Amino acid sequence: TGRVGVLATVATVRSRSYFAAIKDENPATLVIERAASELVPIIESGLTNTEEMSDAIHAAIDPFLAGDSSERIDTLLLGCTHFPLIRGAIDTALGAPIAVVDSAAATASFIQQIISVNGLEAPGSSRGTAADPGHLGHSAPALAPVLPTHQIFTTGDPSVVDDLAQRLFGDVAPRAQQMTLGAKRG
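The structure displayed is predicted, hence computed values, not measured ones.

### Details of the overall build of the protein chain
Within the protein chain, the regular secondary structure consists of seven helices and six strands. When the helices and strands of the protein chain are listed from N to C terminus, the series reads β-α-α-β-α-α-β-α-β-α-β-α-β. Within the span of the protein chain, comprising 186 residues, buried residues form 27% of the whole. Expressed as a percentage of contacts within the protein chain between residues at least 6 apart in sequence, the contacts between residues at least 24 apart total 59%. Total accessible area on the protein chain is roughly 11900 Å²; 58% of this is exposed by carbon and sulfur atoms.

Below you can see the structure in the form of structure tokens.
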């Protein structure tokens, strides 16, 4: 129906980045943005299966569902990296056939497409399937001599991120490292 809701943090809504990207794809799309920054600390504290979380989700989602059915959204974009962690609760709160798009998954898929189209895969990587392990000069390695490593960086408090990572990933989660982002110099 061309009515898209964007649920994001205050900073993301203020940036209008999703609004602009959606309008670039289809200027006729109605884009309704709502800030729901209050969900972030609840998610980070691990209180995801609580009445407080349910109330906060409804406060964020219910305005998308208000009004006549011809005015309601048909797609909801989760514009914050935290929100997919409560996707089930969001789906329940929507209670309607509304497509939910995880911006992180969509971004990862888009990046993979760019890598593939431009032939930027790492040497030895596969661009095919299990039946076709590689082509265009690439072949699957006989074995992977280097184990992957994972790092977590945050501009926030590393101890808060460590607590969340432990709840999500268990003992395999690496310790978060503090980083500072500077202004881009041109």
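### Some details on the sheet that holds strand β2 (residues 30-35)
A sheet is described by the order of its strands in space; here four strands give the open sequence β2-β1-β3-β4, paired in parallel fashion. In the strand order of this sheet, the two ends are held by β2 and β4 (99-102), each with one partner. The average undirected angle you get between the axes of adjacent strands in this sheet is 20 degrees. Of the pairings in the sheet, the one linking strand β1 (residues 3-8) to β2 comprises six bridges and is parallel in character. If you follow R3 over to β2, its bridge partner there is L30. Along the sheet, helix α6 (residues 103-117) makes contact with β3 (75-78) and β4, crossing β4 at roughly 60 degrees.

### Details of the pattern of salt bridges
Counting across every chain of the model gives three salt bridges. With its nearest N and O atoms 3.1 Å apart, the salt bridge here joins R16 to E33. Placement of the pair is R16 in the loop between α1 (10-15) and α2 (17-25) and E33 in strand β2, with a sequence separation of 17 residues. A relative accessible area of 40% places R16 in the partly exposed class. Owing to a relative accessible area of 17%, E33 belongs among the buried residues under this scheme.

### Quick look at the pairing of β1
With six of six residues buried, β1 is to be regarded as a mostly interior element. Here β1 shows no split at all, with R3, G5 and L7 on one side and V4, V6 and A8 on the other all buried. Two strands pair when backbone bridges link them, and β1 and β3 are joined in this way by four bridges, in the parallel orientation. Looking across to β3, one finds that L7 is bridged to L78.

### A short note on the packing of helix α4 (residues 51-65) against helix α5 (residues 87-94)
It is the contact of α4 with α5, at a shortest axis distance of 10 Å, that shows an interaxial angle of 45 degrees. Taken together, the axis directions place α4 and α5 in an arrangement best described as oblique. Relative to α5, the crossing made by α4 is right-handed. Residues I57, H58, I61 and L65 of α4 form the contact with α5, whose participating residues are A89, I90, A93 and L94. Tallied by class, the residues present in the contact of α4 with α5 amount to seven nonpolar, one polar and no charged.

### Quick look at helix α7 (residues 158-169)
An ideal rise of 1.5 Å per residue puts 16 Å on 12 residues; α7 measures up with 16 Å between its terminal C-alpha atoms. All of the buried residues along α7 are D162, L164 and A165. Elements in contact with the buried residues of α7: α3 (39-44), β5 (152-154) and β6 (176-178). Note on α7: the residue one or two positions beyond its end, G170, has a positive phi of about 75 degrees.

### Side note on the side chain of D162
Within the secondary structure, D162 is located in helix α7. If we ignore the near neighbours within four places in the chain, the residues touching D162 are P174, R175 and A176.

### What about the nonpolar core?
Among the nonpolar cores identified, the biggest contains 24 residues, and L7, L39, L76, F83 and I90 are the most heavily contacted of them. Every element with two or more residues in this core is listed here: α3, α4, β3 and α5. Of all the elements, α4 adds the most residues to this core, at seven residues. One finds A8, V13, V31 and L77 within the second-largest nonpolar core, a separate group that totals seven residues.

Criteria and thresholds
Residues numbered from 1 in each chain as written. Predicted model: local features only at pLDDT ≥ 70, side-chain atom pairs only at ≥ 80, totals over all residues. Heavy atoms only, no water. Helix = DSSP H or I, 4+ residues; strand = E, 2+ residues; numbered from the N terminus. Buried < 20%, exposed > 50% of the residue type's maximum accessible area, 1.4 Å probe, protein only. Contact = heavy atoms within 4.5 Å. Areas by Shrake-Rupley, 256 points an atom, 1.4 Å probe, with all protein chains shown as cover. Pairing = 2+ DSSP bridges. Axes fitted to C-alpha atoms, helices over the stretch in contact; angles between N-to-C directions. Salt bridge = Lys/Arg side-chain N within 4 Å of Asp/Glu carboxyl O. Parallel < 35°, antiparallel > 145°, perpendicular 65-115°, else oblique. Left-handed = near helix turned anticlockwise from the far one by under 90°. Nonpolar A, V, L, I, M, F, W, Y, C, P; charged D, E, K, R; others polar. Expected span 1.5 Å × (residues − 1). Core = buried A, V, L, I, M, F, W, Y, C linked by side-chain atoms within 4.5 Å.

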